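# Fold and geometry: a report
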Amino acid sequence: MCLGIPGQIVSITDADKLLAKVNVSGVKREINIACIVSDEHPVSSCVGDWVLVHVGFAMSRIDEEEAARTLQILEELGEIELELDAMKLSVEP
Amino acid sequence: MKFVDEFRDTQKAQTLTKAIHAIACRLASSQTKPLQIMEFCGGHTHTIFRYGIEQMLPDSIEMVHGPGCPVCVLPMGRVDDCVTLAELPNVIFTTFGDAMRVPGSKKSLLQAKADGADIRMTYSPMDALSLARANPSKEVIFFGLGFETTMPSTALTVLQAEREGITNFSLFCNHITTVPTIKAVLDSPDMKLDGFLAPGHVAMVIGERPFDFIAKDYHKPIVVTGFEPLDILHSLWMLLQQIEQGRSEVENQYSRIVQANGNTAALEAISQVFEIREFFEWRGLGSIDHSGVRMKQAYTNFDAEKKFAVPNLKIADPKSCQCGEVVKGVIKPWDCKIFGTKCNPENPMGALMVSSEGACAAYFNNGYNEQKTA
Ligand code: SF4
């Protein structure tokens, strides 16, 4: 019940009621965007946003930079592991 | 799908598993028992089972599946209240699908529907509001349950109903709060947890700071965690690093979604509509102080508890149920005497057997039932 699913806002359907159409893996439905709208991020700038959709509400914008940063950490961890493996091979005859 | 496939990458999962094994191996010499890590949220339990994460972990790490499945902790009396409301004449009772099969003392909502009550599953509380608009001669009640993750959606729906002057919509508010519940788990005398995975989507709403007390007062490390398999493994690795380095802090693995201060608009909607209840009754855990919310006086017209006569009966859990012990991590599901026999997903006795986010159903559906005799 507490899971959400990423979707992209494709259009604003009712700016007053803060409703927008979102595309979730090809399925389109109307959602409420009250939680992602602010003075810095007005309704008009929401189209194109990737958001986490939960029970018909956009609950958060997905921060693409942060996602990339997390993946980068894991990428580097993999490289370190490879190095360590190589090192172990070279010390153990 | 955006940032879903990336966080299911098997190669990265293998790297993380290796890194986890390496730390666990270093820690093992100073351990007398396995490290017990609780994932609080049922959504995490679901991911852990779906991707077989426990099998990837070393024996020295044990996952304890916490009480964070709103459906699983619903007491029987509350289900009875729902059935009473749903069976009132002229009522359309709406709910998230998960709640349909939870056993009440006489019947579940699903059985009540079969008996003729007008009960409809909705994906969103907004769908319930649409039903109210379309059926002005009926009373539409939405069964609001869930932690802070779902609270903003029901609060915003009530606010929308008020703005539109819709008078035939009301909320049966059964929302529960995360922090007092974690505190109750930590204060339980038979609890020996070594760390927590914090519920990512609750943190998305309330932010990281409400979890500080776990690190500061209870000296347990805690990591705010996302819901893909790499998120869980990454967080476990972060937790083990904290344990190895003797730190206890709140860290955020789910930074693509969770901001330190949470979501302002969501928090405003919550505080506008809801207020803390003195206590709230949980299945398996008993009554926990301040662990639920009710609607504020100003929204009485949208409050099903005020609009209709809710019996509010207290029904004790069946004696043979050990859901409480499972939820606190004191016993494993297969230690419950009726696990897999009198209690199974077809015929759940306890709520942990109902939802796929419940520990007992997850164990049962993944073939762990044999372990009982192993
Ligand atoms: S087996 Fe059934 S009764 Fe026993 S703890 Fe699990 S859900 Fe509760």
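Residues numbered from 1 in each chain as written. Chains lettered and ligands numbered in written order. Predicted model: local features only at pLDDT ≥ 70, side-chain atom pairs only at ≥ 80, totals over all residues. Heavy atoms only, no water.

### Remarks on the overall build of chain A
On a plain count of helices and strands, chain A comes out with one helix and five strands. Its helices and strands taken in sequence order, chain A reads β-β-β-β-β-α from the N to the C terminus. Its C-alpha atoms give chain A a radius of gyration of 20 Å, more than 25% over the compact-globule value 12 Å for 93 residues. In terms of principal-axis extent, the alpha carbons of chain A reach across some 70 × 30 × 20 Å. Among the 93 residues that make up chain A, the fraction classed as buried is 43%. Taking the intrachain contacts of chain A between residues at least 6 apart in sequence as the baseline, contacts between residues at least 24 apart amount to 39%. Within the structure as shown, chain A displays about 5,000 Å² of accessible surface, and the carbon and sulfur contribution to it stands at 54%. Both charge centroids of chain A, one from 7 positive and one from 17 negative side chains, sit 13 Å from each other. (Helix = DSSP H or I, 4+ residues; strand = E, 2+ residues; numbered from the N terminus. Rg over C-alpha atoms; globule rule 2.2 N^0.38 Å. Buried < 20%, exposed > 50% of the residue type's maximum accessible area, 1.4 Å probe, protein only. Contact = heavy atoms within 4.5 Å. Areas by Shrake-Rupley, 256 points an atom, 1.4 Å probe, with all protein chains shown as cover. Lys, Arg positive; Asp, Glu negative; His and termini not counted. Charge placed at Lys NZ, Arg CZ, Asp CG, Glu CD.)

### Focus on the packing of aromatic side chains
Residues and elements named next belong to chain B. The full count for this structure, using the stated rule, is ten aromatic pairs over all chains. Each ring, one from Phe 213 and one from Tyr 218, has its centre 6.0 Å from the other, and the planes form 80°; the classification is edge-to-face. Taken together, the aromatic side chains of Phe 40, Phe 147 and Trp 282 make up a single cluster linked through ring pairs. Over the aromatic face of Phe 280 sits the side chain of Arg 78, whose NZ or CZ is 4.2 Å from the ring centroid. Above the ring of Phe 7, the side-chain terminus of Arg 256 is found at 3.6 Å from the ring centroid. (Phe/Tyr/Trp six-rings, centres within 6.5 Å; stacked < 30°, edge-to-face > 60°. Lys NZ or Arg CZ within 6 Å of the ring centre and 35° of its normal.)

### Here we look at empty space enclosed by the protein
Residue and element names in this part refer to chain B. Counted according to the given criterion, the structure contains three cavities of 30 Å³ or more. In this model, the largest cavity occupies a volume close to 80 Å³. Surrounding the largest cavity, Cys 321, Gln 322, Cys 323, Val 326, Cys 336, Ile 338, Phe 339, Cys 343, Gly 350, Leu 352, Met 353 and Cys 360 form its lining. For the lining of the largest cavity, the per-class residue count stands at ten nonpolar, two polar and no charged. Looking at the second largest cavity, the residues that line it are Pro 70, Val 73, Leu 74, Pro 75, Arg 78, Leu 145, Gly 146, Asn 174, Ile 176, Phe 280, Glu 281 and Trp 282. Of all the secondary structure elements, the ones that give two or more residues to the lining of the second largest cavity are β5 (139–146) and β11 (279–282). No other element matches the three residues that β11 contributes to the lining of the second largest cavity. (1 Å grid on protein atoms, 1.4 Å probe; cavity = no way out; pocket = protein on both sides within 12 Å on 5 of 7 lines; lining within 4 Å. Points joined across faces, edges and corners; volume = space filled by probe spheres on them. Nonpolar A, V, L, I, M, F, W, Y, C, P; charged D, E, K, R; others polar.)

### A word on the sheet that holds strand β7 (residues 195–199) of chain B
Two strands in a sheet stick together by hydrogen bonds in their backbones, pointing the same way (parallel) or opposite ways (antiparallel). Residues and elements named next belong to chain B. In spatial order, the strands read β2-β1-β7-β8-β9; together these five strands make up an open sheet with parallel pairing. Both edges of this open sheet fall to β2 (61–68) and β9 (250–252), since each of them pairs with a single strand only. For this sheet, the mean inter-axis angle between neighbouring strands, taken without regard to orientation, is 25°. As paired strands, strand β1 (residues 35–41) and β7 are joined by three bridges and run parallel to one another. Looking at β7, one finds that Glu 39 is bridged to Leu 197. Sitting on the sheet, helix α2 (residues 42–50) is in contact with β1, β2, β7 and β8 (222–225), with an inclination near 120° to β1. (Pairing = 2+ DSSP bridges. Axes fitted to C-alpha atoms, helices over the stretch in contact; angles between N-to-C directions.)

### Section: the nonpolar core
Where a protein is soluble and globular, its nonpolar side chains tend to be buried together. Membership of the largest hydrophobic core comes to 147 residues, with the highest contact counts inside it found for Phe 93, Phe 169, Phe 211, Phe 274 and Met 295 of chain B. The dominant element in this core, judged by the number of residues it contributes, is helix α11 (residues 229–244) of chain B, at eight residues. Split by domain, this core shows at least three residues from each of two domains, domain 1 (1–320) and domain 2 (323–365) of chain B. One finds Val 24, Val 43, Val 51 and Val 53 of chain A within the second-largest nonpolar core, a separate group that totals 13 residues. (Core = buried A, V, L, I, M, F, W, Y, C linked by side-chain atoms within 4.5 Å. Domains from an automatic or database assignment.)

### Quick notes on the site of the ligand
All names here are of chain B. Neighbouring the ligand are the residues Cys 321, Gln 322, Cys 323, Val 326, Cys 336, Ile 338, Phe 339, Cys 343, Gly 350, Leu 352, Met 353 and Cys 360. Judged by the proximity of its atoms to the pocket grid, the ligand belongs to the largest cavity. A breakdown of the residues in the shell around the ligand according to their chemical character gives ten nonpolar, two polar and no charged. (Near = heavy atom within 4 Å. Sits in = over half its atoms within 2 Å of the grid points.)

### Looking at the domain arrangement of chain B
Residues and elements named next belong to chain B. One can read the domain layout of chain B as domain 1 (1–320) and domain 2 (323–365). In this structure, domain 1 and domain 2 have C-alpha centres spaced 18 Å apart. Between domain 1 and domain 2, the residue contacts involve 30 residues of the former and 25 residues of the latter. Summed over both partners, the interface of domain 1 with domain 2 comes to about 2,100 Å²; 62% of that surface belongs to carbon and sulfur atoms. On the domain 1 side of the interface with domain 2, the three residues burying the most area are Cys 72, Arg 101 and Ser 320, jointly 24% of the side's total. At the junction of domain 1 and domain 2, the tally comes to one salt bridge. (Buried area = accessible area lost by both parts, 1.4 Å probe. Salt bridge = Lys/Arg side-chain N within 4 Å of Asp/Glu carboxyl O.)

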